[in-house]
Amino acid sequence: MLFGLLPGTLDVLVLKAIEDGPNHGYGIAKWVREATDAELVLEDGALYTALHRLEHRGLLRADWKPSETKRRAKYYTLTVKGRRALDQQVAAWRRSAATLSKVLNRQPRKASS
């Protein structure tokens, strides 16, 4: 359920999901679902497109390893460039959220009589 998300949202979610260490696609989707109390559920097509895009841009590195269930899975890890990008994107999202909150919390002006 990614409708209505602003451009770049998926990328920052994926980068954040692997900030603490390597994870595979299913694990990333599970992390996002749990972190958002199931408000966001990543569709496989969107997730794997984002993973390939981020890998191509040099923000992620991928390695094949056995998963928890002993099946081969592609694990993604942040590169140094990816960590810098995550830090920049988190800072930008925080500024945007703070600005939007100012607007949404602003009280309407009273009409002049």
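Whatever comes next refers back to the structure up there.
To start, this report covers the structure provided alongside it. Everything numeric here is computed off the predicted structure, so don't read it as measured data. (Residues numbered from 1 in each chain as written. Predicted model: local features only at pLDDT ≥ 70, side-chain atom pairs only at ≥ 80, totals over all residues. Heavy atoms only, no water.)

## What about the overall build of the protein?
Summing up its helical and strand segments, the protein has four helices and three strands in all. Along the protein, helices and strands appear, N-terminal first, in the series α-β-α-α-β-β-α. With the C-alpha coordinates aligned to their principal axes, the bounding extent of the protein is approximately 75 × 30 × 20 Å. With an accessible surface of roughly 8100 Å², the protein has 55% of that area assigned to carbon and sulfur atoms. (Helix = DSSP H or I, 4+ residues; strand = E, 2+ residues; numbered from the N terminus. Areas by Shrake-Rupley, 256 points an atom, 1.4 Å probe, with all protein chains shown as cover.)

## A short note on the nonpolar core
The biggest cluster of nonpolar side chains holds 23 residues, and the ones touching the most others in it are Val14, Leu15, Ile28, Leu47, Leu51 and Leu60. Taken together, the elements giving at least two residues each to this core come down to helix H1 (9-17), helix H2 (25-35), helix H3 (44-56), strand E3 (72-78) and helix H4 (80-105). With residues up to four places along the chain from it excluded, the contact list for Ile28 reads Val14, Ala17, Ile18, Asn23, Leu47, Leu51 and Tyr76. (Core = buried A, V, L, I, M, F, W, Y, C linked by side-chain atoms within 4.5 Å. Buried < 20%, exposed > 50% of the residue type's maximum accessible area, 1.4 Å probe, protein only. Contact = heavy atoms within 4.5 Å.)

## Focus: the packing of aromatic side chains
What the rule picks out here adds up to zero aromatic pairs. In this arrangement the basic side chain of Lys65 is found over the ring face of Tyr75, its NZ or CZ atom lying 5.8 Å from the centre. (Phe/Tyr/Trp six-rings, centres within 6.5 Å; stacked < 30°, edge-to-face > 60°. Lys NZ or Arg CZ within 6 Å of the ring centre and 35° of its normal.)

## Here's the deal with the sheet that holds strand E2 (residues 60-66)
Taken together, three strands build an open sheet; the order of strands is E1-E3-E2 and the sheet is antiparallel. Both edges of this open sheet fall to strand E1 (23-24) and E2, since each of them pairs with a single strand only. Of the strand pairs in this sheet, E1 and E3 are connected by two bridges, and their pairing is antiparallel. For Asn23, the partnering residue across the bridge sits in E3 and is Tyr76. Of the strands in this sheet, E2 and E3 are in contact with H3, which crosses E3 at around 50°. (Pairing = 2+ DSSP bridges. Axes fitted to C-alpha atoms, helices over the stretch in contact; angles between N-to-C directions.)

No statement about biological role is implied by the geometric values presented.
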